[in-house]
Amino acid sequence: MTIGAGDRPVTRLLLAHQTAHPDAFVESLAAAVEGIGGRDVEFLMIDYAHVALTASRDDPTSGAEPAAASLDGSMAGRAFTSSTVVATERDGGWHVWVPVSEQSNRLGVLAMQLPRWDEEIEGLVTELGLAVAPLLLASAQYTDLPHLMSRRHDMDLAAEMQWSLLPPLSFSAAGMTIAGLLQPAYEVGGDCFDYAFNDGRLDFAVVDTVGHGLNSAVLAALMIGAYRHGRRAGDDLADLASRIDAAARAYPGHPAFGTAILGRLDTWDGTMTWMTCGHPLPIFVRNGATLSEPDVRPGLPLGMGDLGPVVGDIVQVVLQPGDGVLFYTDGVTDSRMPDGTAFGEDRLRDILAREQAAGANPHEVVRRVIRTAVEHSEGDLRDDATMVYLGWKG
Amino acid sequence: MATHEESVVGDQPMTTVHAGGPDGCDVTEVVMTRNVRVATLEGELDISTVDEIDRVLAGVALADHMIIDLGRVSFVDSGALSRFVQAARRHRAAGSRVIIADARGAVRRVLAITQLDAVLPYAEDVDTARSLAASLGES
């Protein structure tokens, strides 16, 4: 049996999308797979904390707790973490889970029942997964549906603002992947990161503003705004630091400062330049082992430029193909077990080395490391914990 | 619950502030000498203790040099550091200085990472901080 052109899921999705209500996302998906006999379609969206996939509901604004699949130990979770289609035979048909992602930005999983399963169907549903992602991202501009689908709890105001500031959590281009995560996802305020890819070069920044909550989130918005402003004006790293420092010092709420790492990666040859403004140093990992800490003179945190220089050493390193660099905020290493033992940098290095040796993707590396830190503190982090991992394949 | 006591030891007035942290083990005190005062902080200093830190640091007149003794502090986060920085700015504006002293372990490391040890200034122990303060002169 061959599927006719009019029954192709991608075609049907695009046609249904033209006239569908903005929030009738699951209905469009159901219409998309009708031509291949698909039914019981569900979209499972990854939650902000990257802990569970939440099934979409008819009425996402209702207060009822939605059904959720854990990332570890469910078929949907397997499709998500491995970025591959998973299918199992069940009751004479097939239950199928299709990853929905745009490049390395993983949004969720499409689940459905299908009457048959072969190479042709697998190809059709795989391309459907690729088509769903950009539609979903675009719809987030005019409906709250994707934002509501990705939360499992109420979010406080600081976190709401913070999330609207962030770029996609993961992005790949030209042999480079950057992936970040923030915890506690529903109460975060003050930790932030940003990046942009232009002309073969990746610019990135990790910022940890002082304190916690709304004031920190507003300050983070100001600092990230100044960062983007300078980046788009063609600032070099030192100019960027000065510009963000000036913005933070002009902020009326005192004290206003944030530690930061600012950097640039040339994706053609792996040359990375970076500097730290009072921020914990990044950890470099190569061939499954972490490298020793670089000897770097830091600048002051941004916003303290009245006390001394915010520009310290600007370091240049040449990455080797396969290298990874982990940036993190002190909330990761400061997380405590109930007995008071800090997570610490040594533990962080061990886990990082292990995950890199196991060949995990950058987004899986950050997810697993953050999960380990959260488990370490038994879910009670004392501060925001953010991690950004940059992998370069060459 | 924080308490505030004033007493006189010998010829030198002494102000002591006891500030109970979440686990009840944070004790802070301000010891006055002539124009160099030592603010001693204890325990874990994080976002939950900034009000106590502010109160202790505000207990030192801006005209005086202030040594912040961290010898018995086991943890500081950026919220706590921000209070030191604010105190340093206030004292600078008044012509005096804040000197951080005797940070250990993880606390010492945080001061190095944030470069605060380079700008506040920093002394390895309280006696050195006193000499440093004396060399800065009367304000």
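Residues numbered from 1 in each chain as written. Chains lettered and ligands numbered in written order. Predicted model: local features only at pLDDT ≥ 70, side-chain atom pairs only at ≥ 80, totals over all residues. Heavy atoms only, no water.

Undergrad: What am I meant to see in the confidence of the model for chain A here?
TA: A low pLDDT score tells you not to read the predicted coordinates there in detail. Confidence in the prediction of chain A, expressed as mean pLDDT, is 90, and 96% of residues score 70 or more. When mean pLDDT is compared element by element in chain A, strand E12 (residues 271-277) of chain A scores highest at 98, while strand E3 (residues 68-70) of chain A scores lowest at 84. (pLDDT = per-residue confidence, 0-100. Helix = DSSP H or I, 4+ residues; strand = E, 2+ residues; numbered from the N terminus.)

Undergrad: Before we go on, may I ask you to explain the environment of Ala358 of chain A in this structure?
TA: As for its position among the elements, Ala358 of chain A is in the loop between helix H10 (344-357) and helix H11 (362-376). Taking the C-alpha atoms as reference points, Ala358 of chain A and Leu300 of chain A, separated by 58 residues in sequence, lie 36 Å from one another.

Undergrad: Is there a simple way to think about H10 of chain A in this case?
TA: Three or four residues apart is the spacing at which side chains of an α-helix point the same way, because the helix has 3.6 residues per turn. Taking 1.5 Å of rise per residue, 14 residues should cover 20 Å, and H10 of chain A covers 20 Å from first to last C-alpha, within 8% of that figure. Once H10 of chain A finishes, Gly359 of chain A follows within two positions and takes phi at roughly 75°, a positive value. (Expected span 1.5 Å × (residues − 1).)

Undergrad: Got a minute to help me understand the layout of surface pockets in this structure?
TA: Any space left empty among the atoms is revealed by the rolling of a water-sized probe across them. All names here are of chain A. Looking at the largest pocket, its volume works out to about 690 Å³. Tyr48, Leu137, His147, Trp163 and Leu166 are, among the 23 residues lining the largest pocket, the residues nearest its centre. Every element with two or more residues in the lining of the largest pocket is listed here: strand E1 (39-46), strand E6 (105-114), helix H4 (119-139), helix H5 (145-149) and helix H6 (157-165). Of the residues belonging to the lining of the largest pocket, the class tally is 13 nonpolar, six polar and four charged. (1 Å grid on protein atoms, 1.4 Å probe; cavity = no way out; pocket = protein on both sides within 12 Å on 5 of 7 lines; lining within 4 Å. Points joined across faces, edges and corners; volume = space filled by probe spheres on them. Nonpolar A, V, L, I, M, F, W, Y, C, P; charged D, E, K, R; others polar.)

Undergrad: How should I be thinking about the interface of chain B and chain A in this particular structure?
TA: Accessible area lost upon the coming together of the parts serves often as the stated size of an interface. Tallying the contact residues gives 19 residues for chain B and 24 residues for chain A. Taking both partners together, chain B and chain A bury about 1800 Å²; carbon and sulfur atoms supply 57% of that area. The largest per-residue losses of area from chain B upon contact with chain A belong to Phe75, Arg89 and Ile113 of chain B, which jointly make up 28% of the total buried on that side. Summed over the shared surface of chain B and chain A, the result is four salt bridges. When the shortest N-O distance is used, the salt bridge between Glu44 of chain B and Arg336 of chain A registers 3.0 Å. Here chain B and chain A share five residue pairs in polar contact (both at pLDDT 80 or more) between them. Sorting the residues of the side of chain B that touches chain A by element identifies helix H2 (78-93), helix H3 (105-114) and helix H4 (116-119) of chain B as the ones contributing at least two each. Ranked by residue count, the leading element in the side of chain B that touches chain A is H2 of chain B, at eight residues. Here the side of chain B that touches chain A is composed, by residue class, of seven nonpolar, six polar and six charged. (Contact = heavy atoms within 4.5 Å. Buried area = accessible area lost by both parts, 1.4 Å probe. Salt bridge = Lys/Arg side-chain N within 4 Å of Asp/Glu carboxyl O. Polar contact = N/O pair within 3.5 Å; in protein donor to acceptor, adjacent residues only side chain to side chain.)

Undergrad: Got a minute to help me understand the packing of aromatic side chains in this structure?
TA: Residues and elements named next belong to chain A. Applying the stated criterion across every chain yields a total of seven aromatic pairs over all chains. Note on Tyr48 and Tyr186: the rings are 6.2 Å apart at their centroids and 90° apart in plane angle, and the pair reads as edge-to-face. In this pair, Tyr48 is assigned in the loop between E1 and strand E2 (52-55) and Tyr186 in the loop between strand E8 (176-183) and strand E9 (191-198), connecting sequence segments 138 residues apart. You can call Tyr48 buried: its relative accessible area is 11%. Between Trp274 and Phe284 the ring centres are 6.2 Å apart and the planes differ by 45°, which places this aromatic pair in the tilted class. On the criterion of sequence distance, the pair formed by Trp274 in strand E12 and Phe284 in strand E13 (residues 283-286) is long-range, its members being 10 residues apart. Residue Trp274 is classed as buried on the basis of its relative accessible area, which comes to 0%. (Phe/Tyr/Trp six-rings, centres within 6.5 Å; stacked < 30°, edge-to-face > 60°. Buried < 20%, exposed > 50% of the residue type's maximum accessible area, 1.4 Å probe, protein only.)

Undergrad: I'm lost on a nonpolar patch on the surface in this one. Help?
TA: Residues Leu157, Met161 and Leu214 of chain A make up a contiguous nonpolar surface patch of about 260 Å² in total accessible area. With respect to the secondary-structure elements, Met161 of chain A resides in helix H6. (Patch = residues over 30% accessible without salt bridge, like charges linked within 9 Å, V, L, I, M, F, W, Y side chains within 5 Å. Areas by Shrake-Rupley, 256 points an atom, 1.4 Å probe, with all protein chains shown as cover.)

Undergrad: Would you mind showing me how to read the nonpolar core here?
TA: Generally speaking, soluble globular proteins have nonpolar side chains that are buried together. Core analysis: the biggest nonpolar cluster contains 110 residues, and Trp163 and Met272 of chain A together with Leu70 and Phe84 of chain B have the highest contact counts within it. Residue contacts for Leu70 of chain B: discarding those within four places in its chain leaves Leu41, Leu45, Phe84, Ile100, Ala101, Asp102, Ala103, Val107 and Leu111 of chain B. Core analysis: the next-biggest nonpolar cluster, separate from the first, contains 30 residues, Leu13, Val96, Val132 and Leu145 of chain A among them. (Core = buried A, V, L, I, M, F, W, Y, C linked by side-chain atoms within 4.5 Å.)

Undergrad: Honestly, the environment of Leu62 of chain B in this entry has me stumped. Any pointers?
TA: Residues and elements named next belong to chain B. With respect to the helices, strands and loops of the structure, Leu62 is situated in the loop between helix H1 (50-58) and strand E5 (65-76). Accessibility expressed as a relative area gives 36% for Leu62, which makes it partly exposed. For the pair formed by Leu62 and Ala88, sequence separation is 26 residues and the distance between their alpha carbons is 9.6 Å. With residues near it in sequence (within four places) discarded, Leu62 still touches Arg90, His91, Ala94 and Ser96.

Undergrad: Looking at this structure, I do not really get unusual backbone geometry. What am I missing?
TA: Apart from glycine, the bulk of residues carry a negative phi angle, and the bulk of peptide bonds sit in the trans form. For the bond from Gln183 of chain A to Pro184 of chain A, the omega torsion is -10°, close enough to zero to count as cis. Its place among the elements puts Pro184 of chain A in the loop between E8 and E9. Following Leu120 of chain B, the chain continues into Pro121 of chain B via a peptide bond in cis, with omega recorded as 0°. Along the chain, Pro121 of chain B turns up in the loop between H4 and strand E7 (122-123). In the Ramachandran plot, His50 of chain A falls in the positive-phi region, its phi being about 55° despite a non-glycine side chain. Of note, His50 of chain A is situated in the loop between E1 and E2.

Undergrad: Teacher, can you tell me more about the packing of helix H1 (residues 9-19) of chain A against H4 of chain A here?
TA: For any two helices packed against each other, one specifies the inter-axial angle together with the distance between the axes. Residue and element names in this part refer to chain A. Across the interface, H1 lies against H4 with an axial gap of 8 Å and an inter-helix angle of 30°. Compared by their axis directions, H1 and H4 come out roughly parallel. Residues Pro9, Val10, Leu13, Leu14 and His17 of H1 form the contact with H4, whose own contacting residues are Leu124, Glu127, Leu128, Ala131, Val132 and Leu135. Taken together, the residues that form the contact of H1 with H4 break down as nine nonpolar, one polar and one charged. (Axes fitted to C-alpha atoms, helices over the stretch in contact; angles between N-to-C directions. Parallel < 35°, antiparallel > 145°, perpendicular 65-115°, else oblique.)

Undergrad: What is the right way to look at empty space enclosed by the protein in this model?
TA: Residue and element names in this part refer to chain A. Taken as a whole and assessed by the stated rule, the structure comprises three cavities of 30 Å³ or more. Volume-wise, the largest cavity comes out at about 70 Å³. His50, Ser104, Asn105, Arg106, Leu169, Ser170, Ala179, Gly180, Leu181, His363 and Val366 are the residues that line the largest cavity. When contributions to the lining of the largest cavity are tallied by element, the ones reaching two or more residues are E6, E8 and H11. A per-element tally of the lining of the largest cavity places E8 first, with three residues.

Undergrad: For this particular structure, what's the right way to read the pairing of E8 of chain A?
TA: Across a regular strand the side chains alternate sides, sitting on one face of the sheet and then on the other. Residues and elements named next belong to chain A. Of all eight residues that make up E8, eight are buried, and the element is covered over most of its length. Of the two faces of E8, the one lined by Met176, Ile178, Gly180 and Leu182 and the one lined by Thr177, Ala179, Leu181 and Gln183 are each fully buried. The sheet contact formed by strand E7 (residues 170-173) and E8 spans four bridges and is antiparallel. Pairing of Ser170 across the sheet is with Ala179, part of E8. Connecting the antiparallel pair E7 and E8 is a turn made up of two residues, with Ala174 showing a positive phi of about 50°. Direction of pairing for E8 relative to strand E17 (residues 385-392): antiparallel, over a ladder of eight bridges. Looking at E17, one finds that Ala179 is bridged to Tyr389. (Pairing = 2+ DSSP bridges.)

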